[in-house]
Amino acid sequence: MDLLQKVESALDTIRPYLEADGGNVSVEEITPDNIVKIKLLGACGSCPMSFMTMKAGIEQAVKRAVPEVSAIEAINLTDIDDPNAVMP
């Protein structure tokens, strides 16, 4: 199983929770130094709690399952004070 498959498998463990709130996540890139760049989709992309979803959910699930990943970065986190942020 390659690194992308391992990351996708880890994400599959938390996708049901994201989908329950109308969101999801996609892997956009894995850099040569094992930084996984993700994109929050649907409601997750515009939710003011997306930072917490990223840190407490996505990052923990991936790092626990795939220790060779050095970092997780979301390319589209919504700031909690962003006027375009919507509540889930």
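This text follows the structure it describes.
Quick caveat: nothing in here was measured; it's all calculated off a predicted structure.

A. Quick peek at the overall build of the protein chain. When you go through the protein chain residue by residue, the secondary structure sums to three helices and three strands. Shown N-terminal to C-terminal, the secondary structure of the protein chain runs as helices and strands in the order α-β-β-α-α-β. Counting only residues that meet the buried cut, the protein chain has 36% of its 88 residues in that class. Here the contacts in the protein chain between residues at least 6 apart in sequence split such that 53% fall between residues at least 24 apart.

B. View of unusual backbone geometry. Look at Asn34: it is not a glycine, yet its phi comes out positive at around 65 degrees. When you line up the elements, Asn34 lands in the loop between β1 (23-30) and β2 (35-42). Residue Asn34 is classed as partly exposed on the basis of its relative accessible area of 23%.

C. Region of interest: the environment of Met54. One can find Met54 in helix α3 (residues 50-65). Residue classification places Met54 among the buried positions, given a relative accessible area of 3%. Measuring from C-alpha to C-alpha, the distance between Met54 and Glu73 comes to 8.5 Å, with 19 residues separating the pair along the chain.

D. Spatial organisation of the nonpolar core. Membership of the largest hydrophobic core comes to 20 residues, with the highest contact counts inside it found for Val7, Leu11, Ile38, Ile58, Val69 and Ile72. Those elements giving two or more residues to this core turn out to be α1 (3-20), β1, β2, α3 and β3 (71-74). Per-element tally for this core: the top contributor is α1, with six residues. Sequence-distant contacts of Ile58, that is, excluding residues within four places in its chain, are made with Leu11, Ile14, Leu18, Val25, Ile38, Leu40, Thr53 and Ile72.

E. Up close: the sheet that holds β3. If you trace the three strands from one edge of the open sheet to the other, you get β1-β2-β3, paired in mixed fashion. Looking along the sheet, the strands with just one partner apiece sit at the ends: β1 and β3. Mean inter-strand twist for the sheet, computed between neighbouring axes without regard to direction, equals 30 degrees. Seen against the sheet, α3 touches β1, β2 and β3 and runs at an angle of roughly 145 degrees to β3.

F. The pattern of salt bridges, seen in detail. In the structure shown here, the tally under the stated rule is four salt bridges. Its salt-bridge partner being Glu68, residue Lys6 comes within 2.9 Å of it at the nearest N-O pair. Taken together, the positions of Lys6 in helix α1 and Glu68 in the loop between α3 and β3 put the pair 62 residues apart, joining distant regions of the chain. The partner of Glu73 in a salt bridge is Lys37, with the nearest N and O atoms 4.0 Å apart. Highlighted residues: Glu73 in strand β3 and Lys37 in strand β2, separated in sequence by 36 residues. Three or more residues are tied together by salt bridges with common partners; here these are Glu8, Asp12 and Arg15.

What counts, and where the lines are drawn
- Numbering of residues starts from 1 in every chain and runs along the sequence as written.
- Totals for whole chains, interfaces and linings use every residue, but because this is a predicted model, local features are given only for residues with pLDDT of at least 70 and side-chain atom pairs only at 80 or more, for both listing and counting.
- The side-chain values count all of the structure's non-hydrogen atoms but skip hydrogen atoms and water molecules.
- Where helices and strands are cited, they refer to DSSP runs of H or I of at least four residues and of E of at least two residues respectively, numbered from the N terminus.
- Between buried and exposed lies partly exposed: a residue is buried under 20% and exposed over 50% of the maximum accessible area for its type, with that area taken using a 1.4 Å probe on protein chains only.
- We call two residues contacting when some pair of their heavy atoms lies within 4.5 Å.
- Working definition of a nonpolar core: buried Ala, Val, Leu, Ile, Met, Phe, Trp, Tyr and Cys residues. They are joined through side-chain atoms within 4.5 Å.
- The criterion for strand pairing is that DSSP finds at least two bridges linking the strands in question.
- Each axis is a line fitted through C-alpha atoms, and for a helix only the stretch in contact is used; angles between axes span 0 to 180 degrees, taken between their N-to-C directions.
- A carboxyl oxygen of Asp or Glu within 4 Å of a side-chain nitrogen of Lys or Arg is what we treat as a salt bridge.

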